[in-house]
Amino acid sequence: MELEKTIRLLKEGKHLSEERVYDICLKSQELLITEGNVTHVDTPVTICGDIHGQLHDLLTLFEKSGGVEKTRYVFLGDFVDRGFYSLESFLLLLCYKIRYPDRITLIRGNHETRQITKVYGFYDEVMRKYGNSNVWRYCCEVFDYLSLGAIINNRIFCVHGGLSPDVSTINEIKAIDRKQEVPHEGAMCDLLWSDPDDVDKWSLSPRGAGFLFGSNEVEEFLHTNGFELIARAHQLVMEGYKEMFDGGLVTVWSAPNYCYRCGNVAAVLKIDDQLERNYTIFDAVQPQDGVGNAIIPTKQPQMDYFL
Amino acid sequence: MTSTNTNNQNNVDESFSNTEPKRVKVYVLENNEWKDNGTGFCTGEIRDVEEGDEITKSAYLVVSSEDDQKETLLRSKVEGNIEYQRQEETLIVWKDLNGNDIALSFEESIGCDTLCEFIIQVQRHIENSISLISVKSSDNGIGSVHEIVAGPVILPSTDKDQNTDTLYDALKIVNENSIYDYMKNETIEFILQSSYINLLIDHFHRAEKGKMIKDLFLLSTIIKTLILYNQRDIIELMVDDEHIMGIIGILEYDTEFPNLKANHREYLKLNGPCFKEVIPLENKDLELVVKKYFRLKFLKDVVLVRFLDDNNLNSFMDIILDLKTCIIDWLQTDPFLDKIMNIFSTDDDSSKKRDAIRLLHQYVGMSKDLDPIDKTKFYRTLVRKGLFNVLSYAFSQEKDSNLRILATDLIITIIEHDILLIHNIQNEKTKDTAIDDNFPPASDAITDDMKLLSILSTILLSDKSPGLMEQVVQALSTLLHPDGCLAGTDGEFSNFSSISSINGFDVNDSDNSYGMDGIFNSIDRDNNETEANKQLKIYFNKFYSQIAPFLFKPLMPKANIDCSELDDFLLIHLLKLISFIATEHTRLISRKFILENGILKTLSQLIGPTHILQLRLTAVRCFKNILNLNDKYYHRYIISNNLVDPIFELLKDNLFEDNLATSCILDLLNIVSLNCTLDSGKENDQNAKHNLTEKSKSLNKAKNNFTILNKHIIGKYGSIIKELSSFPFIREMFEFDRITNEIEKELDIETDIDRISPNDTDTNKSDATTENCKRSYSELETSENSNSNEDVSKFELDQHVVTS
Ligand SMILES: [Mn+2]
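Residues numbered from 1 in each chain as written. Chains lettered and ligands numbered in written order. Predicted model: local features only at pLDDT ≥ 70, side-chain atom pairs only at ≥ 80, totals over all residues. Heavy atoms only, no water.

## A look at the overall build of chain B
And step 1. Of the regular secondary structure elements, chain B holds 34 helices and 10 strands.
And step 2. When burial is assessed residue by residue, chain B has 52% of its 804 residues classed as buried.
And step 3. Counting only contacts in chain B whose residues sit at least 6 apart along the sequence, the fraction spanning at least 24 positions is 66%.
And step 4. Put simply, chain B shows about 38000 Å² of open surface, and 48% of that area lies on carbon and sulfur atoms. (Helix = DSSP H or I, 4+ residues; strand = E, 2+ residues; numbered from the N terminus. Buried < 20%, exposed > 50% of the residue type's maximum accessible area, 1.4 Å probe, protein only. Contact = heavy atoms within 4.5 Å. Areas by Shrake-Rupley, 256 points an atom, 1.4 Å probe, with all protein chains shown as cover.)

As structure tokens, this is what we get:
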């Protein structure tokens, strides 16, 4: 089958034709458009944090956590930028989504925007790999359709960044028309950009977008919506995950040895039917090419030069 | 050194002679206490000493007494491995070879500077083993910071026969030397002056042949350490013709991947980056710069990609930017560019033309992050030298979509930098021809700026490549963005940040209700701008008369085009453009165009179920943006033609779903609800938000576009919307509707009374409004077909019901 072949090529980091990428992006749009801004997911499910184009580590992630054939996944966003295989990582997730629509939920991260990807690597990667920006444009169009959050068993709220002063109930997120470039302020922006911190009220974020929120905000949000946990990503954690506010919030980070040099381990969080939390820690391993030979991950050099 | 004249001290190098006397106190350490040996003047002295035939130099620090110049307080030879410490600003302290601790305390720091400089010169030229260390208390006041200012520097061995030991030592040395600026600079000097790099490369070839793994890793680590010196000359040295292959060869070995070897050399040799020549580049200096540029990028992106930290990366980028600027500068003066442009006016084969387009695209891409002034200069040169010929070839004759994409990308880069560049140069050309050939100024001919719009529109409507379509829409919206056309006439510094952010421009901007009217007002205030203002009007008039009817034809009911046969994705693009012109262009012109051509009616149909959901929602958003303009003509047109009906059909079908369709429509309803109170002059403060009585008060005066719309929606679709009552703003919509109805009943009575008193201001106001409406409707009447006339009379009927 065509899709299986594409998945195999992507896993090997091989080149896909522009037309093929366009097809994948279009099919993904059709799937994502039927999802709400906050999708509902059942247990058991595995929550994954930032991937950032580290294709080989994404493959390790699937290997260590059961694989998409057997396990349900929620990805918290930031699929692209920084790493050298943003395109393959994102497309692989989309292909899995098309292949197993109820096994994979993809949430938008703050890197899934035109503006950010132009600066942090994804755009350049596509230019190097294709010589024009078409494929980047197709992917950006898909970014606009990604949902903004997920709820597991009505008890766990999943989001990339964190809370927003404009959002006290989930209903308020539903009334956002999410199909747009992430705005510089407002609820949609905050959900993707905010960070938890040791603050006693909403505070300015050093990132220049979103807010810092503390245990008060988390408690109130959990209480109002009848939740017990906020699972988010967005911040590098050397140990792979970090619980805060009496376990009311957890940061999950899934890019080991971030940027190929940070030396951190990665984690995914499995939630079972009793809502017990099980963390799986994994390290960066020597990447391999399609036929099992070890390779050094690197950027693909630009194609022809003209004199 | 030995060649200097020994008889005349004045002949000694200017920078290295006896120093001016500086006032100083001399201390000597005796029994652990500093003893004051008196005050005097200190000079650094150079003496020539004859030893047989040899004449050598010696240096002394001499202090003669202030009271009696003949009395010498101190005479200390600068020799051996004495370490001089400069402590803070005014103190020099050392232990001489006899073990005496001596300190000079200068009156002024300038005096201390002079003597320290003397010591530095002595270290360089006479006594290499002495050193000068600067000691300062650290910022936090605890402890002190030592910094070498001069002294002997250990450098790697330049022995021709390198081996594991020499390499190991060298690595240690370059590492240690990187800590202090002084030693680092000396090492850099050494690398640049000696042929040490060649020495390493020579040994690399031997080591690779002899499989001396340890040496290979050491070499790689030494080179990386030198790269971390972050020194431009060293980096440039590494990428020149002589060294590049050796360097990337060495870097194929990486201690991080001890079992792997990269194949950078093979890659550079075989797969590229192959340097394609479209026509021979005769300028060899330029060729070298271009090659250096690409090699540096290769180092940065591939060879060292996991190794460079932010600091290194920045210096690589700086060098690269510099080379780019140099290349772009050179291109403009070199006949090379003319030759490239000439390809398009000849019958050269199309593959050459294609490569020439790729080349131009590459150089324009290279220029993207240059200084704005440099960019303007370069783009202007390109346009002058015939860029339009290139584009017209690409757009009219070239069949390969990929090349048209490159050409569009190229034009986007230029117009996003400055649209006026293209306009102004066109103006220049018309002037020139008018003078030279006595050509009548061709005001009725399609100007180049319209030509470009026309070409782009044609591509959008005919080309099926989705990527190209998106690029063309981006180019069109840039060309049609009024901000871009308002920049200073010279167009040096127009800022396009706002445009780059509207790639997906159905961004729901709730504060754009003033549109272009506001912009015009601000121009009027400034007399200097009236000319630009006039040109802008002409430009947009041309667009609406020449281009828009063609570009938006698929959206006109008159065109009798069966929408179901058109590509839904093309329609999505056209709808985004409609949103764009409705919100960004002068309201008067764009509204007239949109309403006269019945475009909103087509839009309404596109919400119907025969189209893909992406398109249907884009149409909803388009209505949302237009309603958000809070423009009564749009509002009434939309209501009286029942254009929002399909939105609620769509809502009905998705009422119990949680998907993007419901979110999109909920957002629309939220906007309606919010604006019901917002528009009445009452700000959306917390009070008004949560206090319905406050709201109803403001509603009292407000019979605004949104309360009318709200009434329309609730009246017709209340039963559907009721299902969404879990959303507070939906409940408010019903409440507003109730209040509006009550007010209307009251107003019925009031207006009856008003009729009797003609002085009442309110009545005057409402009369004026009605008058306004009529005027504008008659505008519509004169141009619209009979069908719309019915609409208009129906409006007035509605209006009558509401006001009287
Ligand atoms: Mn993030």
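## Describing the pattern of salt bridges
Residue and element names in this part refer to chain B.
And step 1. All told, the structure shown has 52 salt bridges over all chains when counted by the stated rule.
And step 2. Of the charged contacts, one joins Glu45 and Arg47 as a salt bridge, the two residues approaching to 3.5 Å between their closest N and O atoms.
And step 3. Taking relative accessible area as the criterion, Glu45 reaches 15% and is therefore assigned buried.
And step 4. The salt bridge involving Lys385 is made with Asp338; its shortest N-O contact spans 3.3 Å. You can see Lys385 sitting in the loop between α13 (372-384) and α14 (387-397) and its partner Asp338 sitting in helix α11 (residues 335-342), a full 47 residues away along the chain.
And step 5. Using a relative accessible area of 25% as the deciding quantity, one classes Lys385 as partly exposed. (Salt bridge = Lys/Arg side-chain N within 4 Å of Asp/Glu carboxyl O.)

## What to know about the coordination of the manganese ion
Residues and elements named next belong to chain A.
And step 1. Protein-derived coordination of the manganese ion comes from Asp78 (OD), Asn110 (OD1), His160 (NE2) and His234 (ND1), at a distance range of 2.1 to 2.3 Å.
And step 2. Along the chain, the residues donating to the manganese ion fall in the pattern D-x31-N-x49-H-x73-H. A residue pair is termed long-range when its members are at least 10 positions apart, and Asp78 in the loop between β3 (73-75) and α4 (86-99) and Asn110 in the loop between β4 (104-106) and α5 (114-120) qualify at 32 residues.
And step 3. Here Asp78 falls in the buried class, since its relative accessible area comes to 2%. (Donors = N, O, S within 2.8 Å, 3.2 Å for Na, K, Ca; no water.)

## Points about the nonpolar core
And step 1. Among the nonpolar cores identified, the biggest contains 237 residues, and Phe75 of chain A together with Phe552 and Leu600 of chain B are the most heavily contacted of them.
And step 2. A domain-level breakdown of this core finds at least three residues from each of domain 2 (154-289) and domain 3 (335-495) of chain B.
And step 3. Once you skip the residues sitting within four places of it in the chain, Phe75 of chain A turns out to touch Cys48, Ile51, Leu58, Leu61, Phe62, Leu93, Ile104, Thr105, Leu106 and Ile107 of chain A.
And step 4. Core analysis: the next-biggest nonpolar cluster, separate from the first, contains 31 residues, Cys42, Ile46, Leu61 and Ile82 of chain B among them. (Core = buried A, V, L, I, M, F, W, Y, C linked by side-chain atoms within 4.5 Å. Domains from an automatic or database assignment.)

## Observations concerning the interface of chain B and chain A
Reports often express the size of an interface as the amount of accessible area lost when the parts come together.
And step 1. Counting residues at the interface gives 64 residues for chain B and 47 residues for chain A.
And step 2. Together, the buried faces of chain B and chain A total about 4900 Å²; carbon and sulfur atoms form 55% of this surface.
And step 3. On inspection of chain B and its partner chain A, the count reaches three salt bridges.
And step 4. Between Glu141 of chain A and Lys576 of chain B there is a salt bridge, and its shortest N-O distance comes to 3.8 Å.
And step 5. Scanning the region where chain B abuts chain A turns up 13 residue pairs in polar contact (both at pLDDT 80 or more).
And step 6. Sorting the residues of the side of chain B that touches chain A by element identifies β10 (275-276), α9 (284-303), α12 (350-366), α15 (401-417), α18 (466-479), α22 (568-584), α25 (613-628) and α28 (660-678) of chain B as the ones contributing at least two each.
And step 7. A per-element tally of the side of chain B that touches chain A places α9 of chain B first, with seven residues. (Buried area = accessible area lost by both parts, 1.4 Å probe. Polar contact = N/O pair within 3.5 Å; in protein donor to acceptor, adjacent residues only side chain to side chain.)

## Digging into the sheet that holds strand β8 (residues 203-204) of chain A
All names here are of chain A.
And step 1. Judged by pairing direction, the sheet is mixed, and its three strands sit side by side in the order β7-β9-β8 without closing on themselves. Only two strands of the sheet have a single neighbouring strand rather than two, namely β7 (195-196) and β8.
And step 2. Sheet topology note: the β7/strand β9 (residues 211-213) ladder contains two bridges and is parallel. Looking at the pairing, Pro196 lines up with Phe213 of β9. (Pairing = 2+ DSSP bridges.)

## Overview of the packing of α13 of chain B against α15 of chain B
All names here are of chain B.
And step 1. Relative orientation of the contacting elements α13 and α15 amounts to 130°, with a least axis distance of 10 Å. With respect to their mutual orientation, α13 and α15 come out oblique. Crossing hand, α13 versus α15: left-handed. Contacts between α13 and α15 pair Pro372, Lys375, Thr376, Tyr379 and Leu382 from the former with Thr413, Ile414 and His417 from the latter.
And step 2. Taken together, the residues of the contact of α13 with α15 sort by class into four nonpolar, three polar and one charged. (Axes fitted to C-alpha atoms, helices over the stretch in contact; angles between N-to-C directions. Parallel < 35°, antiparallel > 145°, perpendicular 65-115°, else oblique. Left-handed = near helix turned anticlockwise from the far one by under 90°. Nonpolar A, V, L, I, M, F, W, Y, C, P; charged D, E, K, R; others polar.)

## A word on the side chain of Gln180 of chain A
And step 1. Following the sequence through the fold, Gln180 of chain A ends up in the loop between α8 (170-174) and α9 (187-193).
And step 2. Judged by relative accessible area, Gln180 of chain A falls into the buried class, the value being 10%.

## Examining the sheet that holds strand β2 (residues 45-48) of chain A
Residue and element names in this part refer to chain A.
And step 1. Ordered in space as β4-β3-β2-β13-β14, the five strands form an open sheet in which the pairing is mixed. Every other strand in the sheet has two partners, leaving β4 and β14 (277-282) as the edge strands with one partner each. Taking each pair of neighbouring strands and ignoring which way they run, the sheet shows an average axis angle of 20°.
And step 2. Sheet topology places strand β13 (residues 266-271) next to β14; six bridges connect them, and they run antiparallel. The residue bridging Ala267 from the neighbouring strand is Ile281, located in β14.
And step 3. Of the strands in this sheet, β3 and β4 are in contact with α4, which crosses β4 at around 130°.

## Let's talk about the UniProt feature "domain: PP4R3 EVH1-like" (unreviewed entry) in chain B
And step 1. The UniProt record marks residues 22-126 of chain B with the feature "domain: PP4R3 EVH1-like" (unreviewed entry), using the residue numbering of this structure.
And step 2. Note that residues 22-126 of chain B is 16% helix and 60% strand, and that its end C-alpha atoms are spaced 22 Å apart. (UniProt positions renumbered as here; feature names shortened; annotations may be inferred.)

## Here's the deal with the environment of Lys11 of chain A
Residues and elements named next belong to chain A.
And step 1. Topologically, Lys11 is positioned in helix α1 (residues 2-11).
And step 2. When its relative accessible area of 35% is taken as the criterion, Lys11 is described as partly exposed.
And step 3. Once the C-alpha coordinates of Lys11 and Gln288 are considered, the two residues, 277 residues apart in sequence, prove to be 10.0 Å apart.
And step 4. Excluding anything up to four places from it in sequence, Lys11 contacts Leu55, Leu59, Leu92 and Tyr96.

## Here's the deal with the packing of aromatic side chains
And step 1. This model, assessed by the stated rule, comprises 30 aromatic pairs over all chains.
And step 2. Here Phe552 of chain B and Phe593 of chain B contribute two aromatic rings whose centre-to-centre distance is 5.9 Å and whose plane-to-plane angle is 55°, an arrangement assigned as tilted. In this pair, Phe552 of chain B is assigned in the loop between α21 (530-551) and α22 and Phe593 of chain B in helix α23 (residues 587-596), connecting sequence segments 41 residues apart.
And step 3. Looking at Phe552 of chain B, the relative accessible area reads 0%, which means it is buried.
And step 4. Residue classification places Phe593 of chain B among the buried residues on the basis of a relative accessible area of 7%.
And step 5. Ring-pair connections join several aromatic residues into one group, and the members of that group are Phe62, Tyr73, Phe75, Tyr96 and Tyr100 of chain A.
And step 6. Positioned above the aromatic ring of Tyr123 of chain A is the side chain of Lys118 of chain A, whose terminal nitrogen or guanidinium carbon lies 4.8 Å from the ring centre. (Phe/Tyr/Trp six-rings, centres within 6.5 Å; stacked < 30°, edge-to-face > 60°. Lys NZ or Arg CZ within 6 Å of the ring centre and 35° of its normal.)

## Focus: the pairing of strand β12 (residues 249-252) of chain A
Residue and element names in this part refer to chain A.
And step 1. Covered by surrounding structure in β12 are Leu249 and Thr251 together with Val250 and Val252, the residues of both alternating faces.
And step 2. Here strand β10 (residues 229-232) pairs with β12 via three bridges, running parallel. The partner of Ile230 across the bridge, within β12, is Leu249.
And step 3. Pairing of strand β11 (residues 241-244) with β12, which is carried by four bridges, proceeds in the antiparallel orientation. Within β12, the residue paired with Glu243 across the bridge is Val250.
And step 4. In this structure, the hairpin formed by β11 and β12 is closed by a connection of four residues, where Phe245 is found at a positive phi of approximately 50°.

## Quick notes on the pairing of strand β5 (residues 83-87) of chain B
Residue and element names in this part refer to chain B.
And step 1. One ladder, built from five bridges, connects β5 with strand β8 (residues 131-137); its direction is parallel. Across the sheet, residue Gln87 finds its bridge partner in β8, namely Val135.
And step 2. Bridge analysis of β5 against strand β6 (residues 91-95) gives three bridges, and the strand direction is antiparallel. By the bridge assignment for β6, Arg86 is matched with Ile92.
And step 3. Hairpin connection between β5 and β6: a loop of three residues separates the two successive antiparallel strands, and Glu88 in this loop has a positive phi of roughly 50°.

## Focus: the domain arrangement of chain B
Residue and element names in this part refer to chain B.
And step 1. Taken domain by domain, chain B holds domain 1 (3-150), domain 2 (154-289) and domain 3 (335-495).
And step 2. Contacts between the two partners involve five residues from domain 2, matched on the other side by eight residues from domain 3.
And step 3. Both sides of the domain 2 and domain 3 interface together cover about 580 Å² of buried area, and 76% of this is carbon and sulfur.
And step 4. The largest share of the area that domain 2 buries against domain 3 comes from Val278, Ile279 and Leu281, three residues that together contribute 80% of it.

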